[in-house]
Amino acid sequence: MATDLFQSPDYYQLDELLSEEHLLVREATRDWVKKEVTPIIEDYAQRAEFPKHIVNGLAEVGAFGPYIPQEYGGAGLDQISYGLMMQEIERGDSGVRSTCSVQSSLVMYPIYKYGNEEQRKKYLPKLASGEFLGCFGLTEPDHGSNPGGMITNFKDKGDHYLLNGAKMWISNAPFADIAVVWAKDETGRIHGLIVERGMEGFTTPETHNKWSLRASATGELVFDNVKVPKENLLPNKSGLGAPLGCLDSARFGIAWGAIGAAMDCYDTALRYAKERIQFEKPIASFQLQQKKLAEMITEITKAQLLTWRLGVLRNEDKATSAQISMAKRNNVDMALKIAREARQMLGGMGISGEYSIMRHMMNLESVVTYEGTHDIHLLITGMDVTGIPAFK
Ligand code: TGC
Ligand code: FAD
């Protein structure tokens, strides 16, 4: 079992910008991660297995639906608390944060925002408590960056819908109890449907051989003439904007989460550099190593400021999708670069599972791809500042 010596960097005294509640939420999540995640996660990642036993703990710490109102089982917290939770959880592992992002922003959020009262009451408390785990099916084998081209579809059969198609690269799919699935109706309009495990014709084969996000289960969703009850359609929003609205919430959490992974890599490299002796001196005394550390703490601090401001805007309901996209792109790119530099600072030990850095680095290769690739996010900013979409 690994000993967790993590110390959080706060170079610009940003804690002064946080409320008592924010600090309490962050400390509680940090303590829980130190106790339940970092000691075991390397083993699970090596075995490519999701640590299912931590689901109850994640629910107890409030990581499933942090900002969903308490009447539906959520924690009723603000957006900065949600962000801080994701930061602390991804400090442990991006795959564990993924499970929380999917559950909160991609399953609970659409049911809360686009569902009716019966659907909210039926699903949200069970998702908040971890009794149910959910997944989100948008990506298809032939439609990743361009989800609007999806071919998964449903037909109105009078007393039910008949769903056909397939989704791939779906986090939590292999064991999810429910899936929020995006599919086209007979007119080509996109809607969200809640598909439950056990419905005839619905299967969730697991995706193996991943070098990244190994402690998170990924799979396909296959729909072969699945009869979906009519009451399982999310009635209050349709069109591509509906799934993209969920992505805004998840990308916001990822922007914070990536800081956690970066902080863990920086902290590990700093400690190692002070202890590791070469040429009769700690390697931290060499200018080239100091340059790496100086650049890391600078980038982490800039990312912390970006997300804090974005959190304030989200709390005021003023953050635009393009602002969220920028923070996701910037912070994940920042974390990936820091992980690569930190890994080098540990020399040969950098590739060992004794340290968290290589695992973070490999995880971040998924994080920079999912929820919109780095390049798609560049195009979103490009479109926002020029007014000209360059996707097609
Ligand atoms: P476009 O024509 O720009 O927009 C279509 C409609 O959507 C509206 N819209 C939004 N609405 C709400 N929130 C947003 N963020 C929105 N962005 C756009 C837009 O106004 C329009 O509405 P309307 O009424 O005019 O029709 O769409 P496009 O087809 O050109 O595509 C735009 C693009 C490329 C930016 C978008 O499709 C995109 O973001 N692609 C990336 C795909 C992606 O991020 N997939 C993520 C899959 S889920 C996932 O990865 C989970 S990982 C889980 C984990 O483990 O953490
Ligand atoms: P493609 O869209 O084929 O892109 C390939 C390359 O082309 C990329 O570099 C991309 O940037 C570039 N590209 C594409 N279009 C353009 C363009 N217009 N201009 C310039 N460059 C372009 N999806 C879900 O729905 N639910 C999930 O839970 C989920 N979990 C995931 C978990 C993991 C571990 C991974 C790896 C992915 C997950 N995804 C999920 C899917 C993820 O969102 C997609 O992989 C991502 O959106 C990219 O789609 P793609 O893989 O098809 O790549």
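Check the entry above for the structure.
All figures in this text were calculated on a predicted structure; none of them were measured in a lab. (Residues numbered from 1 in each chain as written. Chains lettered and ligands numbered in written order. Predicted model: local features only at pLDDT ≥ 70, side-chain atom pairs only at ≥ 80, totals over all residues. Heavy atoms only, no water.)

1. Focus: the packing of helix 5 (residues 94-114) against helix 7 (residues 241-275)
Okay, step 1: At a minimum axis separation of 9 Å, helix 5 and helix 7 run at an interaxial angle of 140°. In terms of crossing hand, the pair formed by helix 5 and helix 7 is right-handed. Taking contact as the criterion, the partners of Arg 97, Ser 101, Ser 105, Leu 106, Tyr 109, Pro 110 and Tyr 114 in helix 5 are, on helix 7, Gly 241, Ala 242, Gly 245, Cys 246, Leu 247, Ser 249, Ala 250 and Ile 254.
Okay, step 2: Its residues assigned to classes, the contact of helix 5 with helix 7 shows 9 nonpolar, 5 polar and 1 charged. (Axes fitted to C-alpha atoms, helices over the stretch in contact; angles between N-to-C directions. Helix = DSSP H or I, 4+ residues; strand = E, 2+ residues; numbered from the N terminus. Left-handed = near helix turned anticlockwise from the far one by under 90°. Contact = heavy atoms within 4.5 Å. Nonpolar A, V, L, I, M, F, W, Y, C, P; charged D, E, K, R; others polar.)

2. Some remarks on helix 6 (residues 117-128)
Okay, step 1: Here helix 6 contains 12 residues, and its C-alpha end-to-end distance of 16 Å stays within 8% of the 16 Å for a straight helix at 1.5 Å per residue.
Okay, step 2: Looking only at helix 6, the buried set comprises Gln 119, Arg 120, Tyr 123, Leu 124, Leu 127 and Ala 128. End-on view of helix 6: buried residues confined to an arc of 125°, all on one side of the axis. Set apart from the buried face of helix 6 by more than 90 degrees, the exposed residues are Glu 118 and Lys 121.
Okay, step 3: For helix 6, the elements touching its buried residues are helix 3 (55-61), helix 5, strand 1 (134-137), strand 4 (178-184) and strand 5 (190-196).
Okay, step 4: With a side-chain oxygen lying 3.3 Å from the backbone nitrogen of Glu 118, the N-terminal cap of helix 6 falls on Asn 116.
Okay, step 5: Just downstream of helix 6 lies Gly 130, where phi reads positive at about 85°. (Expected span 1.5 Å × (residues − 1). Buried < 20%, exposed > 50% of the residue type's maximum accessible area, 1.4 Å probe, protein only. Arc of directions from axis to C-beta. Polar contact = N/O pair within 3.5 Å; in protein donor to acceptor, adjacent residues only side chain to side chain.)

Geometry only, nothing functional implied.
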